[in-house]
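Chain and residue survey
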Amino acid sequence: MTMQTSRAASPGDDRRAQAEALLARYPDLSQSEIDDLRRWFGKEATALETAMLAGDEHLGGPYQQFRKDHLDRLSALEKGIVATVGALLIGGLAALAML
């Protein structure tokens, strides 16, 4: 008697398929679809899933463009934090120079 093993589809498989379908249409996406993809890459996608998309011959190009357009940018909050920390460092160094 041989045992057959089959892997049942998980919710993660469905979610990845949704992300792949959206990427296949990129850049022709609504803002809510872009937000959904950003959320998937930021909170749900595994490193393996991301690597598989990047290496896919059909989705690699749209993935790279999406990443450049939406994932690799600093948010306004992040830019504000960087500016604040930079100003504090410069002010601290100026104060030390005056001593």
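Summary of the structure given here. Please read all numbers here as calculations on a predicted model, not as lab measurements.

**Here we look at the overall build of the chain**
Check the secondary structure of the chain and you find five helices and zero strands. Each helix and strand of the chain, ordered N terminal to C terminal, gives the series α-α-α-α-α. Within the span of the chain, comprising 99 residues, buried residues form 22% of the whole. Excluding contacts between residues fewer than 6 apart, the proportion of contacts in the chain whose partners are at least 24 apart in sequence is 52%. In the form shown here, the chain has an accessible surface area of approximately 7600 Å², with 60% of it arising from carbon and sulfur atoms.

**Digging into unusual backbone geometry**
The step from Y26 to P27 runs through a cis peptide bond, and the omega angle for that step is 15 degrees. Mapped onto the fold, P27 is located in the loop between helix 1 (11-25) and helix 2 (31-44).

How each quantity is defined
- Here, residues in each chain are numbered from 1, in the same order as that chain's written sequence.
- For this predicted model, a pLDDT threshold of at least 70 governs which residues receive local features, and a threshold of 80 or more governs which side-chain atom pairs are given and counted, while totals over whole chains, interfaces and linings are taken from all residues.
- Computation of side-chain values covers all heavy atoms of the structure but excludes hydrogens and water.
- In this text, helices come from DSSP runs of H or I with a minimum length of four residues, and strands from runs of E with a minimum of two, each type numbered from the N-terminal end.
- Burial status follows relative accessibility: with a 1.4 Å probe on protein chains alone, a residue under 20% of its type maximum counts as buried, one over 50% as exposed, and anything between as partly exposed.
- Throughout, a residue-residue contact means that at least one pair of heavy atoms, one from each residue, lies within 4.5 Å.
- Note on areas: Shrake-Rupley, 1.4 Å probe, and residue coverage restricted to the protein chains presented here.

All we've got here are geometric facts, nothing functional implied.
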